[in-house]
Amino acid sequence: MSAPGGGMGTGTGALRHRLVHETPVETADGMGGVTRAFLAVDALWGAIETGAAPAEIADRPGAVLSHRVSLRAPATVQPGDRLRLGARRFLVEAVSDPEGRGRRLVCDCREETP
């Protein structure tokens, strides 16, 4: 859902997806490495916008799906966290406050596949 000017709307209707915010937790595996799991932190309302980015896949032109998730701030989402919508999982790669007013966050995400 786009607002005038090309950005995502942040009205109540635009933030229609109930997302679970998860943060990574690492524990030692006893062999010098770590095991990473994700712990649910809170639930947030958000808007999801899907796009495509050009990419080279196996030396051929292609595209990779990317997602921008707009959230009402304040939220504690950071790069490396994950947002879950049912069985779908979105790895947060970048977080920005496009208006600089602390009212909403935009997360650039990559959808993980099991």
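Quick caveat: nothing in here was measured; it's all calculated off a predicted structure.

What counts, and at which threshold
Residues numbered from 1 in each chain as written. Predicted model: local features only at pLDDT ≥ 70, side-chain atom pairs only at ≥ 80, totals over all residues. Heavy atoms only, no water. Helix = DSSP H or I, 4+ residues; strand = E, 2+ residues; numbered from the N terminus. Buried < 20%, exposed > 50% of the residue type's maximum accessible area, 1.4 Å probe, protein only. Contact = heavy atoms within 4.5 Å. Areas by Shrake-Rupley, 256 points an atom, 1.4 Å probe, with all protein chains shown as cover. Polar contact = N/O pair within 3.5 Å; in protein donor to acceptor, adjacent residues only side chain to side chain. Salt bridge = Lys/Arg side-chain N within 4 Å of Asp/Glu carboxyl O.

(A) A look at the overall build of the protein. In terms of regular secondary structure, the protein is built from 0 helices and 6 strands. From first element to last, N terminus to C terminus, the protein shows the α and β order β-β-β-β-β-β. By the burial criterion, 26% of the 114 residues in the protein qualify as buried. Within the protein, residue pairs in contact and separated by at least 24 positions form 44% of the contacts whose partners lie at least 6 positions apart. In the form shown here, the protein has an accessible surface area of approximately 7,200 Å², with 53% of it arising from carbon and sulfur atoms.

(B) Region of interest: the environment of Asp97. Mapped onto the fold, Asp97 is located in the loop between strand S5 (88-96) and strand S6 (104-112). In this structure the C-alpha to C-alpha distance between Asp97 and Ala73, which are 24 residues apart in sequence, comes to 8.9 Å. Those residues in contact with Asp97 that sit more than four places away from it in its chain are Gly102, Arg104 and Leu105. Of the polar contacts made by the side chain of Asp97, one reaches the backbone nitrogen of Gly102; its length is 2.8 Å.

(C) Quick look at the pattern of salt bridges. Within the structure shown, the criterion is met by 9 salt bridges. The shortest N-O distance in the salt bridge between Glu22 and Arg84 comes to 2.7 Å. On the criterion of sequence distance, the pair formed by Glu22 in strand S1 (residues 17-28) and Arg84 in strand S4 (residues 82-85) is long-range, its members being 62 residues apart. Accessibility expressed as a relative area gives 5% for Glu22, which makes it buried. A salt bridge links Arg110 to Glu93, with the nearest nitrogen and oxygen atoms 2.9 Å apart. Placement of the pair is Arg110 in strand S6 and Glu93 in strand S5, with a sequence separation of 17 residues.

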